[in-house]
Amino acid sequence: MSAIVAIVGRPNVGKSTLFNRLIKRREAIVDAVSGVTRDRHYGKTDWNGKEFSIIDTGGYVVGSDDVFEQEIDKQVELAIEEADAIIFMVDVEAGITGMDEAVAHLLRKSKKPVFLTVNKVDNAMREADAVEFYGLGFQEYYTLSGINGSGTGELLDAIVEVL
Ligand code: GDP
Ligand code: MG
């Protein structure tokens, strides 16, 4: 089985945009935990000659904020279990939010490699704004624009090294 890379993060940071940019073909959903995988999309891609699967998490049930956070927590726990590497996506337009901090807290317990990825860095000004994400306590971060594709190569180079 090929390696798995999961994209996690709060809603609206751009997870699906990156997923759609990266995947070459969608995979049928292999349902291990019923009632959960409906919120996960699987796709296949390759980089530097290495093929791997990507999971896009999301499609959260709309409800109270509590349910919302619980659902994100569940997706993050699943990613920690099943993925070989995790893209933790945040949004430079929004800055650090409470939900980002909650996800960061869960991910710090993971022994899997986590790639903090600051999305929506569409221009050089935003590159400077991204430094605030050191506040999440990770050693480094990657910046990218899911919309124009800049930065994705550097991120993928780093990811395939650990797969
Ligand atoms: P998800 O909820 O994390 O899956 O986020 P989506 O991929 O659905 O994107 C949420 C919104 O952010 C959409 O309006 C996207 O067009 C926008 N978005 C995604 N990536 C970028 C980016 O790199 N730059 C900008 N400016 N907007 C983006
Ligand atoms: Mg999405």
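Numbers given to residues run from 1 along each chain, matching the order in which its sequence is written. Going through the entries in the order they are written, you letter the chains from A and number the ligands from 1. Note on the predicted model: pLDDT of at least 70 is required for a residue's local features to be given, and 80 or more for side-chain atom pairs to be given and counted; whole-chain, interface and lining totals, by contrast, use all residues.

- The chain is annotated in an unreviewed UniProt entry as GTPase Der from Imtechella halotolerans K1.

### A short note on the overall build of the chain
Alright, step 1. Helix and strand labels come from DSSP, where a helix needs a run of H or I of at least four residues and a strand needs a run of E of at least two; each type is numbered from the N terminus. Check the secondary structure of the chain and you find 5 helices and 7 strands.
Alright, step 2. Tracing the chain from N to C terminus, the helices and strands come up as β-α-β-β-β-α-β-α-β-α-β-α.
Alright, step 3. A burial count over the chain gives 35% of its 163 residues as buried.
Alright, step 4. We call two residues in contact if the C-beta atoms placed from their backbones are at most 7 Å apart. Contacts spanning at least 24 positions in sequence make up 68% of the contacts within the chain whose residues lie at least 6 apart. The exposure label follows from counting other C-beta atoms within 10 Å of a residue's C-beta, where the C-beta atoms are placed from the backbone and the thresholds are 20 or more for buried and 12 or fewer for exposed, leaving partly exposed in between.

### A look at helix α1 (residues 15–22)
Alright, step 1. For α1, the set of buried residues is Lys15, Leu18, Phe19 and Leu22. Seen from one end, α1 has its buried residues packed into an arc of 100°, which puts them on one side.
Alright, step 2. For α1, the elements touching its buried residues are β1 (3–8), β3 (40–47), β4 (50–57), β5 (85–91) and β6 (114–119). In this description, the arc belongs to the directions extending from the helix axis to the C-beta atoms.

### Brief notes about the nonpolar core
Alright, step 1. Nonpolar cores are identified as sets of buried Ala, Val, Leu, Ile, Met, Phe, Trp, Tyr and Cys residues joined via C-beta atoms within 7 Å. The biggest cluster of nonpolar side chains holds 37 residues, and the ones touching the most others in it are Ile7, Ile86, Phe88 and Phe115.
Alright, step 2. Taken together, the elements giving at least two residues each to this core come down to β1, α1, β4, α2 (65–82), β5, α3 (98–108), β6 and α5 (152–162).
Alright, step 3. In terms of residues, this core owes the most to one element, β5, which gives 6 residues.

### Examining the site of ligand 1
Alright, step 1. Inspection of the region around ligand 1 gives 15 residues, with Gly14, Lys15, Ser16, Thr17 and Gly146 positioned closest.
Alright, step 2. It is α1 that contributes the most residues to the shell around ligand 1, 3 residues altogether.
Alright, step 3. Amino acids are sorted into nonpolar (Ala, Val, Leu, Ile, Met, Phe, Trp, Tyr, Cys and Pro), charged (Asp, Glu, Lys and Arg) and polar (every other residue, Gly among them). Residues that form the shell around ligand 1 fall into these classes: 3 nonpolar, 9 polar and 3 charged. The C-beta atom of each residue is placed using the backbone, and any residue whose C-beta lies within 6 Å of a molecule or strand is treated as near it.

### Focus on unusual backbone geometry
Alright, step 1. Of note, Asn12 is a non-glycine position whose phi angle comes to about 80°, a positive value.
Alright, step 2. Turning to its location among the elements, Asn12 is positioned in the loop between β1 and α1.

### Things to note about the confidence of the model for the chain
Alright, step 1. The share of residues in the chain with pLDDT of 70 or more is 86%, and the mean pLDDT across the chain is 88.
Alright, step 2. A score from 0 to 100, pLDDT tells how confident the predictor is in each residue. Counted against residues more than four places away or in other chains, residues 30–37, with its pLDDT under 50, gives 5 contacts.

### So, the pairing of β6
Alright, step 1. Buried residues dominate β6, accounting for 6 of its 6 residues.
Alright, step 2. Residues Val114, Leu116 and Val118 of β6 are buried on one face, and the alternating residues Phe115, Thr117 and Asn119, pointing to the opposite face, are buried as well.
Alright, step 3. As paired elements, β5 and β6 share 6 bridges and run parallel to each other. Residue pairing in the sheet places Phe88 in a bridge with Leu116 of β6. The rule for pairing is simple: two strands pair if DSSP sees at least two bridges between them.

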